[in-house]
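Letter by letter, the chains look like this.
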2 protein chains.
Amino acid sequence: MGFKERRQKHKDEFKAEILEAALTLFAQEGYANFSMRKLAARIDYSPTTIYNYFRDKDDLLFHICENHYAHLMEEIREIRKRGISPEETLREAMLGYIRYSLAHPEQYKVVFFSNPQLYGRPEEFKNRDTMSLRLWRNTCEVIDECMRSGVFRPMDGETLSIVFWSAVHGLVSSFIFTKDFPMPDPDVMAKMLLDGLFKGYK
Amino acid sequence: MGFKERRQKHKDEFKAEILEAALTLFAQEGYANFSMRKLAARIDYSPTTIYNYFRDKDDLLFHICENHYAHLMEEIREIRKRGISPEETLREAMLGYIRYSLAHPEQYKVVFFSNPQLYGRPEEFKNRDTMSLRLWRNTCEVIDECMRSGVFRPMDGETLSIVFWSAVHGLVSSFIFTKDFPMPDPDVMAKMLLDGLFKGYK
DNA sequence: AAATTATAATTAACGATGTTAAGTATGGGC
DNA sequence: GCCCATACTTAACATCGTTAATTATAATTT
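Cut-offs used in this document
Residue indices follow the written sequence of each chain, beginning from 1 at its first position. Working convention: letters from A go to chains and numbers from 1 go to ligands, in the order in which they are written. Thresholds applied to this predicted model are a pLDDT of at least 70 for local features of residues and 80 or more for the giving and counting of side-chain atom pairs; totals over whole chains, interfaces and linings are not thresholded and use all residues. As a rule here, side-chain values cover all heavy atoms of the structure and leave hydrogens and water aside. To form a nonpolar core, buried Ala, Val, Leu, Ile, Met, Phe, Trp, Tyr and Cys residues must be joined to one another through side-chain atoms within 4.5 Å. In this scheme, a residue with accessible area under 20% of its type's maximum is buried, one over 50% is exposed, and one in between is partly exposed, where area comes from a 1.4 Å probe on protein chains only. Any two residues whose heavy atoms approach within 4.5 Å are treated as being in contact. Here the buried area means the combined drop in accessible surface, using a 1.4 Å probe, for two parts upon being joined, counting both sides. Definition used for salt bridges: Asp or Glu carboxyl oxygen within 4 Å of a side-chain nitrogen of Lys or Arg. N or O atoms within 3.5 Å of each other form a polar contact, as long as, within protein, one can give a hydrogen and the other can take it, and as long as residues adjacent in sequence are counted only when both atoms are side-chain atoms. Under the scheme used here, helices are H or I runs from DSSP no shorter than 4 residues and strands are E runs no shorter than 2 residues, and both carry numbers assigned from the N terminus. All copies are superposed by least squares; the fitting set is the C-alpha atoms of residues with a pLDDT of at least 70 in both. The criterion for a disulfide is a pair of cysteine sulfur atoms lying within 2.5 Å. Each domain span listed reflects an automatic or database assignment of domains. When we say a residue is near a molecule or strand, we mean one of its heavy atoms is within 4 Å of it. Side-chain classes are defined by residue name, with Ala, Val, Leu, Ile, Met, Phe, Trp, Tyr, Cys and Pro counting as nonpolar, Asp, Glu, Lys and Arg as charged, and the others, Gly among them, as polar. Each patch is built from salt-bridge-free residues with over 30% relative accessible area, joining like charges within 9 Å and nonpolar side chains (Val, Leu, Ile, Met, Phe, Trp, Tyr) within 5 Å. For the accessible areas, the method is Shrake-Rupley and the probe is 1.4 Å, while residue cover comes only from the protein chains on display. The positive count covers Lys and Arg only, the negative count covers Asp and Glu only, and His and the chain ends enter neither. In plain terms, the charge of a residue is placed at NZ if it is Lys, CZ if Arg, CG if Asp and CD if Glu.

**Q** Would you mind going over the nonpolar core with me for this structure?
**A** In summary, soluble globular proteins display a tendency toward joint burial of nonpolar side chains. Core analysis: the largest hydrophobic core is formed by 142 residues, its most contacted members being Phe152(A), Phe164(A), Phe152(B) and Phe164(B). Contact partners of Phe164(B), with chain neighbours within four places excluded, come to Leu90(B), Met94(B), Ile143(B), Phe152(B), Leu194(B), Leu197(B) and Tyr201(B).

Here you go:
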């Protein structure tokens, strides 16, 4: 391995290190208290150094999102390998989404509160290999399997997927963003939502 | 009317004027580009003047939220007076919520992206007469009427209300916050969501 | 009418923020 | 030992929310 490769490798490692530090900074200080300068202080470099590894703050946030989606992907991939019924698979996938997101609220905020065009324009989204797209495809596949096996009546799968996802997203974001309203138990609410949706589209 | 009342009235009017200016600033420049200083420039006063009428930025945002909820309240109140069935009432109320929120996305962002404790702590929320609480009570009442008239099977009304609301909130926030994903038609999606929920809890 | 006082507005400043431009150190290739 | 690319730092700019000190204005009292 030559100098160039070695240096590139070092650069990649450092980039990953910055990301790691950003994740813990998010987890510890929260989205509102995250800043480039604080991150720089954490890794003991000047703020501008980060800009050698990430184009700007949005670029950094994009990678944080991808990291979040990667975890959700791992979750759904593992569930799909279990060989359980499509209905159970979808249910577990949605519960997994809820559980992981509620366990990492500050990362979830990044996904939904930073630049709404973090992944570019809509038409570009599906031509780009991202964790977000992979997760989306997986979700659609599971919903399709549900429809093919009669768990759901025939309808537009893509739209149904969005309906499912957005309902779950609504639940998660309610818990994460609303701290001035007495919310019920998340598990109780998740069960009620999913029961309703499954029955509703049967 | 004495001097004190007249001055108080003037103060109230000015406060309302600031709020008005804030609303149009939000609508025109968006949540991200809203700032106290820009608002001050709009009303041709120094930034610090605003602090004579609002405690801080959060206080101002609180009133923006209340304004938003007031409109939604007006909407649901009007619908309930129509004398249509509970099911139709709930359906129209949810569609009204969606329509108004999508028509005022930047105001909606305020409601869900500013300080999560804008309305204080959860236990205080229900002891404070706010537009938000009134809207919530109205929603619960409509859902209760649905349950009593057999539109929904018996279950915990409060939880069902939150489930309904959060699902609709998920739909709205998806459209407002996600600009990098190809979304379907809002009306189609709204219909599918509500159809599913109504059937799901029958 | 003049002096006093309360109120409303302003200017100046502090500590943050993201980001760019200019300058400095470091270490391999000739 | 010199050159140059790369990595990093310092300094700076324009913004932000907010506080303290200050001035202008209008009302009240003498």
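So much for the structure itself; the text now carries on.
**Q** What's the story with the interface of chain B and chain A in this structure? I'm lost.
**A** Counting from both sides, the interface comprises 45 residues of chain B and, opposite them, 45 residues of chain A. Of the roughly 3700 Å² buried where chain B meets chain A, counting both sides, 69% is carbon and sulfur surface. Of all residues in chain B, Asp180(B), Phe181(B) and Met192(B) give up the largest surface area on contact with chain A, accounting jointly for 18% of the area buried on that side. One can count zero salt bridges joining chain B with chain A. Where chain B touches chain A, the interface holds 14 residue pairs in polar contact (both at pLDDT 80 or more). For the side of chain B that touches chain A, the leading source of residues is helix 8 (residues 157-177) of chain B, giving 13 residues.

**Q** Any chance you could explain the relation of the copies chain B and chain A here in plain terms?
**A** Each of the two chain copies goes to the other by way of a rotation about an axis and a shift along it. Mapping chain B onto chain A is achieved by rotating through 180 degrees and translating by 0.0 Å along the same axis, at an RMSD of 0.1 Å. Look at the turn and shift together and you get a two-fold axis relating the two. A share of 100% of interface residues in chain B that are also interface residues in chain A marks the association as one of identical surfaces.

**Q** Would you mind showing me how to read the state of the cysteines here?
**A** Tallied over the full model, the rule gives zero disulfides over all chains. Cys146(A) provides the cysteine sulfur closest to Cys140(A), a residue in no disulfide bond, and the two sulfurs are 12 Å apart.

**Q** Quick question: what am I supposed to make of the domain arrangement of chain A here?
**A** Quite often, the size of an interface is put as the accessible area lost when its parts meet. Residues and elements named next belong to chain A. One can read the domain layout of chain A as domain 1 (1-54) and domain 2 (56-200). Computed over C-alpha atoms only, the centres of domain 1 and domain 2 are separated by 28 Å. Counting residues at the interface gives 13 residues for domain 1, matched by 14 residues for domain 2. Overall, the association of domain 1 and domain 2 removes approximately 1300 Å² of surface from exposure, summing both partners, and the carbon and sulfur fraction of that is 77%. When the buried surface of domain 1 facing domain 2 is broken down by residue, Leu 23, Tyr 31 and Phe 54 rank first, second and third, together holding 47% of it.

**Q** In this structure, what is going on with the protein's contact with DNA strand C? I would like to understand it.
**A** Close contacts around DNA strand C come from 19 residues, with Arg37(A), Ser46(B), Thr48(B), Thr49(B) and Tyr53(B) the closest. In DNA strand C, atoms within 4 Å of the protein come 53% from sugar and phosphate. Within the backbone of Lys57(A), one N or O atom sits 2.9 Å away from a phosphate oxygen of DNA strand C. Tyr53(B) has a polar side-chain atom sitting 2.6 Å from a phosphate oxygen of DNA strand C. Among the secondary structure elements, those contributing two or more residues to the surface near DNA strand C are helix 2 (36-42) of chain A together with helix 1 (3-29) of chain B. Residues belonging to the surface near DNA strand C are distributed by class as follows: six nonpolar, six polar and seven charged.

**Q** Which parts of the structure should I look at to understand the protein's contact with DNA strand D?
**A** By nearness alone, 19 residues border DNA strand D, and Thr48(A), Thr49(A), Tyr53(A), Arg37(B) and Thr48(B) come closest of all. Note that a phosphate oxygen of DNA strand D is positioned 2.8 Å from one of the backbone N or O atoms of Ser46(A). Between DNA strand D and the protein, one listed contact pairs a phosphate oxygen with a side-chain N or O atom of Tyr51(B) at 2.8 Å. Taken together, the residues of the surface near DNA strand D break down into six nonpolar, six polar and seven charged.

**Q** What is the right way to look at a positive patch on the surface in this model?
**A** Together, Arg153(A), Lys199(A), Lys202(A), Arg153(B), Lys199(B) and Lys202(B) make up a positively charged patch on the protein surface. You can see Lys202(B) is positioned in the segment after helix 9 (186-200). The exposure class assigned to Lys202(B) is partly exposed, which follows from its relative accessible area of 47%.

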